[in-house]
Amino acid sequence: SNGARGHFHPENRKLFGKRKICVFVFPAMPFCAMIKRQTERGTGMKILVRYHDGAVPLTILPQGDWIDLCAAETVTMHAGEFRIISLGVSMQLPEGYEAHIVPRSSTFRKWGILQANSMGVIDESYCGDEDVWGFPALAMRDTTIARGDRICQFRVMRKMDKPELVTVEHLDNASRGGFGSTGTR
């Protein structure tokens, strides 16, 4: 095996129209094992984590690349109530990165809560000891979220470059027709 470089085999050549496409085959290694191996070699990203009272230690599951976050407190909410549920962690993200926090796919089904801001964005400057991450929850029914329940997940993304905003009188493009203009089917 030649590692993650892959290897070319003549049987992997495919013809698409008149173009020849070379297909590279990588060695049989689960993606998570490749990430683990890269991290062991020191090429992984480091995030400093401070745990607060009630916090459940973070674990990176082998499937997927999102990291689950747990409620750091037991919370009872009534239908229509809003509350920021403590996740019990403060983190220092690498320079040039931000975290995106979204509910887990089962969060609404299990607890009947919605993330009030659709997606949370935490930038690298929110990194002090008391900058505790939270989940802004809106309860759609009476519910209890127990300490340790995995209610949301995050991933770390590179921040976009600062754009230059240019004011114009017209965009010189055809208008599509507004929200929902492409139909429903």
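Bear in mind that the values here come from a model prediction, so they are computed numbers and not experimental data.

1. Observations concerning the side chain of His100
Right, on to step 1. With respect to the secondary-structure elements, His100 resides in strand E8 (residues 97–103).
Right, on to step 2. Of the residues examined, His100 reaches a relative accessible area of 15% and is grouped as buried.
Right, on to step 3. At 2.9 Å, the side chain of His100 and the side chain of Glu98 are in polar contact.
Right, on to step 4. What His100 contacts, discounting residues up to four positions off in sequence, is Trp66, Met119, Gly120, Val121, Gln153, Phe154, Arg155 and Met157.

2. A short note on the sheet that holds strand E6 (residues 82–86)
Right, on to step 1. With antiparallel pairing, three strands are arranged side by side in an open sheet as E6-E11-E9. On the outer flanks of this sheet lie E6 and strand E9 (113–115), each paired with one strand and no other. Sheet twist, expressed as the mean angle between neighbouring strand axes with direction ignored, is 40°.
Right, on to step 2. In this sheet, strand E11 (residues 134–139) lies alongside E6 in antiparallel orientation, the contact comprising five bridges. Bridging from a neighbouring strand, Phe82 pairs with Leu138 of E11.

3. Considerations on the nonpolar core
Right, on to step 1. Counting 25 residues, the largest nonpolar core has Leu69, Ile85, Ile113, Trp133, Ile151 and Phe154 as its most contacted members.
Right, on to step 2. Mapped onto this core, the elements with two or more residues apiece are strand E4 (67–70), strand E5 (75–77), strand E7 (89–92), E8, E11 and strand E13 (150–158).
Right, on to step 3. Of the residues forming this core, the biggest block, four residues, is contributed by E13.
Right, on to step 4. Setting aside anything within four residues of it in sequence, one finds Ile85 in contact with Ala71, Glu73, Val75, Met77, Ile113, Trp133, Gly134, Phe135, Ala137, Ile145 and Ile151.

4. Quick notes on the sheet that holds E8
Right, on to step 1. Taken in spatial order, the four strands of this open sheet run E4-E13-E8-E10, and their pairing is antiparallel. Here the strands that pair on one side only, and so sit at the sheet edges, are E4 and strand E10 (120–123). Averaged over neighbouring strand pairs, the angle between their axes works out to 30° when direction is ignored.
Right, on to step 2. Across seven bridges, the pairing between E8 and E13 is antiparallel. Within the sheet, the bridge partner assigned to Val102 lies in E13 and is Gln153.

So, how was this worked out
- In this convention, every chain numbers its residues from 1, walking through the sequence in written order.
- Totals for whole chains, interfaces and linings use every residue, but because this is a predicted model, local features are given only for residues with pLDDT of at least 70 and side-chain atom pairs only at 80 or more, for both listing and counting.
- Side-chain metrics in this entry use all non-hydrogen atoms of the structure; hydrogen atoms and water are not considered.
- Helix and strand assignments come from DSSP, with helices taken as H or I runs of at least 4 residues and strands as E runs of at least 2, each series counted from the N terminus.
- Each residue gets one of three labels from its accessible area relative to the maximum for its type: buried under 20%, exposed over 50%, partly exposed in between, using a 1.4 Å probe on protein chains only.
- Any pair of nitrogen or oxygen atoms within 3.5 Å is treated as a polar contact; in protein, a donor-acceptor pairing is required on top of that, and neighbouring residues in sequence qualify only through side-chain atoms on both sides.
- Should any heavy atoms of two residues lie within 4.5 Å, those residues are counted as being in contact.
- Two strands qualify as a pair provided that DSSP identifies no fewer than 2 bridges between them.
- Each axis is a line fitted through C-alpha atoms, and for a helix only the stretch in contact is used; angles between axes span 0 to 180 degrees, taken between their N-to-C directions.
- Nonpolar cores were defined as sets of buried Ala, Val, Leu, Ile, Met, Phe, Trp, Tyr and Cys residues, with membership established by side-chain atoms within 4.5 Å.

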